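In case you want the letters, here they are:
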Amino acid sequence: MKKIEEQIISAMRAKPGAGFYAVVIISLILTGIGVYCSVQTIYAGVGCWGINNQHNWGVSIVNFVWWIGIGHAGTFISAVLLLLRQNWRAPVFRLAETITLFSILCAAFFPFIHLGRHALFFYIFPYFNTRGIWVSFSSPLFWDMAAILVYLTVSLVFWYTELIPDLYWLRRNGIVRIRLPLFRWHNTIGQKMLHSRFTFFLASLATPLVISVHSIVSIDFAVSNVPGWNSTIFPPFFVAGAVFSGFAMVQLFAVTARSSIGLADVITVHIIETMNKLLLALSILISLCYLTEIIFAFLPGNEAERVVFVQRLSGSQIYSFYPMILLNSIMPLLFWFKRVRQSMVCTVIISLCVLAGMWLERWIIVNGSLSVGYFRIHSVNYFPSFIEMGIFAGTLGFFILMMTLAFRFLPMVSIYEINKQHAN
Amino acid sequence: MYYLSPLNMNNRRQFIKNLTIGAAAGSLAGCRQTVNRSIPYLIQPEEIVPGESLHYATTYYDGYTYGSVMARVMNGRPVKIDGNSHSSLTLGGSNVRLQASLFGLYQPGRCLYPLVKHVRAGWADFFSQTSSLLKQPDKDIVLFCRKGISPTEDIVMNDFLSRFPNIRKIEYDTVSCKSVSDSHNQVFGRPIQPLPVFNQVNILLTFSGDLLVSSPLPEYITRHYCQNRTQLRHFHFDCCSSLTGNKADKTFCIHPDEERVILANLYNYFAVLNRMPAIECPEHHILSALPLADTGAQNLLVISSSADPEVQRMICRINYLAGAYSKFLKPEYHINLRTAQPAEIVFSDKTLFEQSDIFIFYDCDPVTDSLLDAEEWKKRLADKPVIALVHENNRSSALAGYIAPVQHPYEMWGDAMAVNGFYSFQQPLVVPAGESVHRASVLLSWMDTEQDITDYIQQTWMNLFERTDNFADFIAFRNHILQNGVLELPVLPVALEMKETFYQPVFNRPGGIRINILPSPVTGDKMEINPFLNEIPDPVYGTLEKDIVFSNHQDYTLFKRNGISHHHLYDPNHASDVITGYYASPFHRFCVSSGFRFTSDDMVFSKERRSPDRFIPEISASMLEAQQDYLTVNPSHVHEQQNWIMSVDLHRCTGCGACMIACQIENNIPPVGMTEALKGRLMHWIKIGKVNMADGRRMAIPLLCQQCHQAPCESVCPVAATMHSTDGINQMVYNRCIGARYCNNNCPYHARVFNFYDYASADPLRENDPQWASSLQKTFALMRNADVTVRSKGVMEKCNFCFHRIHKARADARTEGRLFDPTDVNPACAAACPAGAIIFGDRNQNDSKARRLFESENSRFLLAKLNTSPSVAYLCNSFLHYEKD
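Residues numbered from 1 in each chain as written. Chains lettered and ligands numbered in written order. Predicted model: local features only at pLDDT ≥ 70, side-chain atom pairs only at ≥ 80, totals over all residues.

Asks: Help me out: how do you make sense of the overall build of chain A in this one?
Replies: Within chain A, the regular secondary structure consists of 15 helices and 0 strands. Over its C-alpha atoms chain A spans a radius of gyration of 22 Å, differing by no more than 12% from the 22 Å that the globule rule assigns to 424 residues. Principal-axis analysis of the C-alpha atoms gives chain A an extent of 65 × 60 × 40 Å. Across the 424 residues of chain A, 48% fall into the buried class. (Helix = DSSP H or I, 4+ residues; strand = E, 2+ residues; numbered from the N terminus. Rg over C-alpha atoms; globule rule 2.2 N^0.38 Å. Buried ≥ 20, exposed ≤ 12 C-beta atoms within 10 Å, placed from the backbone.)

So this is what it looks like as structure tokens:
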């Protein structure tokens, strides 16, 4: 037990190596590119993107859904697994929650930057009706905004509540990197009991959010008329996909934490293997969704949707559809083998595959459906411009930067929880 | 306790806090909106009421496009051109080029001041220098001009030529129908181009060329063709696809050389009937496909726009033998348009340039029209003096030493006689730009006469007045013709007698590749710098590229010769061994410079990565469905006053695109520039689509916002920027729009368009460079309709059934104290349609034509199964052929 605490303390005390600075500089450069591209977008207009009147939404919406999806694993691990008393989650839930927090920030940026008139983004909030303008509550975009804000708030509160005992512990051990309020935490028995009850309360609050947030994101698509979007399977399909990609991201950072800051004894192979099993299960679930979607499309009655799926299976979309099947449905099947499940290299590779595959899935949903529609008004195809991809690179850079700084300045493994478990 | 005081800077934190607050407050206080002041008139002109529009009848003629038009003038600026409903030649219809002609008036390239050797000079300077040039009797002077149709200008020109006998006038036409008048001269001894009428025509055979959009009077032809469409059977013979071919009952794909053979066979058919000697010709199988025997070959009319004199000669004889001249072709109403020598022939004569010493360009652009390079012209002109009378700077004026700015057709007085007996009149709509003068008055100044051009015009009109007897005095006559813009005088009937008894055409089939050049259905005889026309996709093929050729060569290929390549489009309905290109396109210029000599070895078909993009929506016939009653979750809207609907007769629509530009100019829709257009960001609120029918034919369909009663776009807007009005229109509140673009995704018709950039203040001619504030912006702003908002960057927009016109009609009714009559309202697209295909009206009005058509059994709704309950009905007869059972 002492050993784990020492490991964490030594990890926090260690001087950052060249790798740390390299990652920070690279992510700063990426963030800079993103800032430049965002400023360009706001200054010139979304015309500097590749979108047109047939493809009104482009990779910004793909990125939005992708980031929101990645955020889901955090809540899943911290809330759902807490309620299910899955104790193996203790060393990774802080990591997962931090991922959640920053990925929601990245995700929330995209609906803003894709607007035509950025300065008026606040019209979407139900603010005081002084202008005689009120939001349309029937629009899924409004629900979307509400869902993201609720999710961000609950995640932040949850994250910080769990962080307070650790910050106290660090301060007691003389490691104060950033001064954050502790709200008079003194680690008393009464406080510990209250803390435990409050986290359970927050977990029960956050658990429905795991389902609802991505369901609402999927409803953005599902309530529309567009063939390929208008599908009742979307809410569960999106939630499964979200947790899937989120776990892949957590795996990536868990393995990084093991190797880079020497937490191999804390984040054990058992934990990695358990999460790999979950990835495998989710991959099979996702494949089932793909199959169901295809079968639905070929049921008689919906010609337009069939056209969309014919494009995916044998038309213009095959260059993204079959890679997606390979990355999402076939590669994770390697986790049936125990050696693959326990191999860190394989975990990283397959997690990267899943992340890329899930991005492709959203690309197919957004672009593959819009480019077919009921009819085309012109034959110009959509291809993202440098500016659009630059903004995506910027959010990636921001995310990596924030995660790196979090690794440096915050206890990325919950000492409090681990101690509690050992005490039990 | 903190004090927020600038003096309280006793520590570093407080100093930074105060500094930040100060900087923020300072920058906020510095933000100020720019104020554009509008200044009222110092002396209010009597007839101008701000916001009220005046209508003036006038005439537009630029050498290719002619139209008697009714212009709407707002605050002294013409803002909209429509066909003149008083004219029997247009019947209120117009075409793309007439609609877009306003751009010529406002375009920044207008020539404003006289230039002598590229230096601004006064008129006195200009005349003193040019007169001394002209008054050299030993010099041979050539005056180039387009075919003139103005009686007054003809008189001025004749006076001018008799005053200067050393000046030779050379009239030319770009797309010439001279072969028609020449053949009439050969066959009947009269060089005329008769006006066709389609009443009682049973069989119409059209050969090569787009009769409905590229003939000299397209509005007239379209209107009469559509009126009589149900009773005539139309067969079209051409080597390529065309709008006329799309309207025909059956289109035969023939090689251009087959035209002579088919016509010779047809001639023999009638020759046998009339006991005339037949001509020797090879047999052709197509003739048996025509229902000549069923109808007894009665009431047949053959029309071709071919430049081949043999073809035209045979057509004259066929029409004569079929009796068409007494019924369908009126020799007394002969068309004066496009009867001059074709430019290609005029400018192929190099000796003309060698023998002449001075050149005058009389309001024309011979450098562009000749299809030769500017380098070639420089070589030919060899630094000889050139005097150019131009209303806009062009390639010719760039070569001229003396430039006289003349008025645009919308700035000058004048008259025109496009068809014998049909006069139309010109009056200025706006104060002339800069120091420009009437082009004929430049001639008068050179003649040193006391008379002004208005005296000549007065004299011509007096002569016309003497030929009428309906008017009390000349003032009443003048007011009448200026109000109506037209005057139709009776003409003596002419009977044609066939002079030549026998004629043997030559049949040859040269090998190699044939080049088929036809005028573009949109831009006509030139690839002009008109952003409105440039952005109309080709109505036949849907491409936007100017440099494009069509053939039936498969794969995505590029036509290549000597390193020069042109975009190539595969057309399955194209004849083999023929390449079609548009008049004045780079391909045509290339052909002219290489002398039209091609063999198959010259053509290298190489794989291109992609074929040119197409910008017309293609929909399948199954998407047009009869309306069904579905259960609706939402309560349907109640429309107590009006419920606006539109019925579009697909049997009438030719797909010419006049509605697109009419809508664009009426609603201040900015052109986006070619770069943006090729990205698929065209802003047209109404688009011409194509319905692909089961038998392979393609029908034009105007696609606009369907003004759904259960609109998918309304429910998804997060800020309630689009909603249903009380009279059934799906409104768009531009102020509220934040540009999330969900509405356009959810619109199954893709009726909405988005302002991706600040198009309204961008410069489409310079490809929307970052330097957006340009000279064009200033002139474009003058062209805008003051009744319609200009949309900014990041706003979605769409058709609103010309809501401002409805609003205006309501306000007018209120001021005049009468009940509002829904038939007073006509949207811009419906007003512009030459075919009368768009019928707008109120569904609550029991006797309205629109309602009758909307509720008829022929009405179909686009994607009716989605239950959007559209307000636009498409009338089509279950896609039956026109053939009667």
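Asks: Sorry if this is basic, but what is going on with the overall build of chain B here?
Replies: Regarding its fold elements, chain B presents 30 helices and 38 strands. Projected onto its principal axes, the C-alpha positions of chain B cover 115 × 75 × 70 Å. Considering chain B as a whole, with its 885 residues, one finds that 51% of them fall into the buried category.

Asks: I'm lost on helix α19 (residues 453–467) of chain B in this one. Help?
Replies: Since the α-helix advances by 3.6 residues per turn, residues separated by three or four positions end up pointing in the same direction. Residue and element names in this part refer to chain B. Taking 1.5 Å of rise per residue, 15 residues should cover 21 Å, and α19 covers 22 Å from first to last C-alpha, within 8% of that figure. All of the buried residues along α19 are Ile453, Tyr456, Ile457, Thr460, Trp461 and Phe465. Where α19 is buried, its residues meet α5 (151–163), β18 (414–419), α18 (439–447) and α20 (474–484). (Expected span 1.5 Å × (residues − 1). Contact = placed C-beta atoms within 7 Å.)

Asks: Teacher, can you tell me more about the sheet that holds strand β19 (residues 422–426) of chain B here?
Replies: Residues and elements named next belong to chain B. Sheet architecture is open: 3 strands sit in the order β18-β19-β20, paired in antiparallel fashion. With one partner strand each, in any of the chains shown, β18 and β20 (486–488) form the two edges of the open sheet. Going across the sheet, the axis of each strand differs from the next one's by a mean of 25 degrees, ignoring polarity. The pairing of β18 with β19 spans 5 bridges and is classified as antiparallel. The residue bridging aspartate 415 from the neighbouring strand is phenylalanine 425, located in β19. (Pairing = 2+ DSSP bridges. Axes fitted to C-alpha atoms, helices over the stretch in contact; angles between N-to-C directions.)

Asks: Hey, could you run me through the nonpolar core in this one?
Replies: Nonpolar side chains in soluble globular proteins tend to end up buried together. Counting 306 residues, the largest nonpolar core has Phe244(A) and Val250(A) as its most contacted members. With 15 residues, the top contributor of residues to this core is helix α8 (residues 234–260) of chain A. Dropping the residues within four chain positions of it, Val250(A) is found in contact with Ala73(A), Ile77(A), Val92(A), Leu95(A), Ala96(A), Ile99(A) and Met275(A). With 56 residues, the next largest nonpolar core counts Met412(B), Trp461(B), Ile517(B) and Tyr582(B) among its residues. (Core = buried A, V, L, I, M, F, W, Y, C linked by C-beta atoms within 7 Å.)

Asks: Is there a simple way to explain the packing of α8(A) against helix α9 (residues 269–297) of chain A in this structure?
Replies: Packed helix pairs are characterised by how far apart their axes lie and by the angle those axes make with each other. Residue and element names in this part refer to chain A. Interaxial distance between α8 and α9 falls to 9 Å at its minimum, and their mutual angle equals 150 degrees. Taken together, the axis directions place α8 and α9 in an arrangement best described as roughly antiparallel. Note on packing geometry: the crossing formed by α8 with α9 is left-handed. Only Ile272, Met275, Leu278, Leu279, Leu282, Ser283, Leu285, Ile286 and Cys289 of α9 make contact with α8, whose side of the interface consists of Phe237, Ala240, Gly241, Val243, Phe244, Phe247, Ala248, Val250, Gln251, Ala254 and Val255. When grouped by side-chain class, the residues that make up the contact of α8 with α9 number 17 nonpolar, 3 polar and no charged. (Parallel < 35°, antiparallel > 145°, perpendicular 65-115°, else oblique. Left-handed = near helix turned anticlockwise from the far one by under 90°. Nonpolar A, V, L, I, M, F, W, Y, C, P; charged D, E, K, R; others polar.)

Asks: Got a minute to help me understand the interface of chain B and chain A in this structure?
Replies: Accessible area lost upon the coming together of the parts is a frequently used measure of interface size. Listed per partner, the contact involves 39 residues of chain B and 37 residues of chain A. When residues in the side of chain B that touches chain A are grouped by element, the largest group, 4 residues, is from helix α26 (residues 742–746) of chain B. The residue makeup of the side of chain B that touches chain A, split by class, is 21 nonpolar, 8 polar and 10 charged.

Asks: Help me understand the pairing of strand β10 (residues 233–238) of chain B, please; the structure alone is not making it clear to me.
Replies: Both faces of the sheet carry side chains from a regular strand, because those side chains alternate between them. All names here are of chain B. The buried count for β10 comes to 6 of 6 residues, which makes it a mostly enclosed element. Burial of the side chains of β10 extends over both faces: Arg233, Phe235 and Phe237 are buried on one face and His234, His236 and Asp238 on the other. Sheet topology note: the strand β9 (residues 203–207)/β10 ladder contains 5 bridges and is parallel. Note that in β10 the partner of phenylalanine 207 across the bridge is phenylalanine 237. In this structure, β10 lies alongside strand β11 (residues 250–253), joined through 4 bridges in parallel fashion. Directly across from phenylalanine 237, in β11, lies its bridge partner phenylalanine 252.

Asks: Got a minute to help me understand the sheet that holds strand β17 (residues 402–405) of chain B in this structure?
Replies: Adjacent strands of a sheet pair through backbone hydrogen bonds, lying either parallel or antiparallel. All names here are of chain B. Spatially, the 8 strands line up as an open sheet ordered β5-β4-β17-β16-β15-β6-β7-β14, and their pairing is mixed. One side of each edge strand has no neighbouring strand; the edge strands of this open sheet are β5 (119–120) and β14 (341–342). Summarising the sheet, strand β7 (residues 167–173) and β14 pair through 2 bridges and their orientation is parallel. When the bridges of β14 are listed, aspartate 173 appears paired with proline 342.

Asks: When you look at the confidence of the model for chain B in this model, what are you seeing that I'm missing?
Replies: In regions of low pLDDT, the predicted coordinates are not meant to be interpreted in detail. Residue and element names in this part refer to chain B. Chain-level statistics for chain B give a pLDDT mean of 86 and a share of 91% at 70 or above. Note that residues 769–773 has pLDDT below 50 and, in this model, 6 contacts with residues that lie over four places away or in other chains. Reported confidence for the predicted complex is 0.93 by ipTM and 0.90 by pTM. (pLDDT = per-residue confidence, 0-100.)

Asks: What exactly am I supposed to notice about the environment of Phe756(B) here?
Replies: By the element assignment, Phe756(B) lies in the loop between β34 (753–754) and α27 (775–782). Overall, Phe756(B) belongs to the buried group, with 26 C-beta atoms counted inside 10 Å. Here the alpha-carbon distance between Phe756(B) and Leu105(B), two residues 651 residues apart in the chain, equals 28 Å. Those residues in contact with Phe756(B) that sit more than four places away from it in its chain are Gly45(A), Val46(A), Gly47(A) and Arg681(B).

Asks: Is there a simple way to think about unusual backbone geometry in this case?
Replies: Most peptide bonds are trans, and most residues other than glycine sit at a negative phi. Residue and element names in this part refer to chain B. Notably, aspartate 577 is not glycine yet its phi reads approximately 65 degrees, a positive angle. Of note, aspartate 577 is situated in the loop between β24 (564–570) and β25 (578–582). For aspartate 577, a count of 17 C-beta atoms within 10 Å puts it in the partly exposed group.

Asks: Before we go on, may I ask you to explain the packing of helix α10 (residues 258–273) of chain B against helix α11 (residues 309–321) of chain B in this structure?
Replies: Residues and elements named next belong to chain B. Interhelical geometry of α10 versus α11 gives an angle of 25 degrees and a closest axis separation of 9 Å. On the basis of their axis angle, the class for α10 and α11 is roughly parallel. For α10 against α11, the interelement crossing comes out left-handed. For the pair formed by α10 and α11, the contact residues are Glu259, Arg260, Leu263, Ala264, Leu266, Tyr267, Phe270 and Ala271 on the first element and Glu310, Val311, Met314, Ile315, Arg317, Ile318 and Leu321 on the second. Broken down by class, the residue content of the contact of α10 with α11 amounts to 11 nonpolar, no polar and 4 charged.

Asks: Even after reading the chapter, I still don't get the pairing of strand β22 (residues 548–551) of chain B, so can you show me in this structure?
Replies: All names here are of chain B. Burial along β22 is two-sided: Ile548 and Phe550 and Val549 and Ser551, pointing in opposite directions, are all buried. Examined bridge by bridge, β22 and β25 share 2 bridges and lie antiparallel to one another. Across the sheet, residue valine 549 finds its bridge partner in β25, namely glycine 581.

Asks: What's the story with the environment of Thr230(B) in this structure? I'm lost.
Replies: For Thr230(B), the position within the fold is in the loop between α8 (218–227) and β10. Once the C-alpha coordinates of Thr230(B) and Asn202(B) are considered, the two residues, 28 residues apart in sequence, prove to be 9.7 Å apart.

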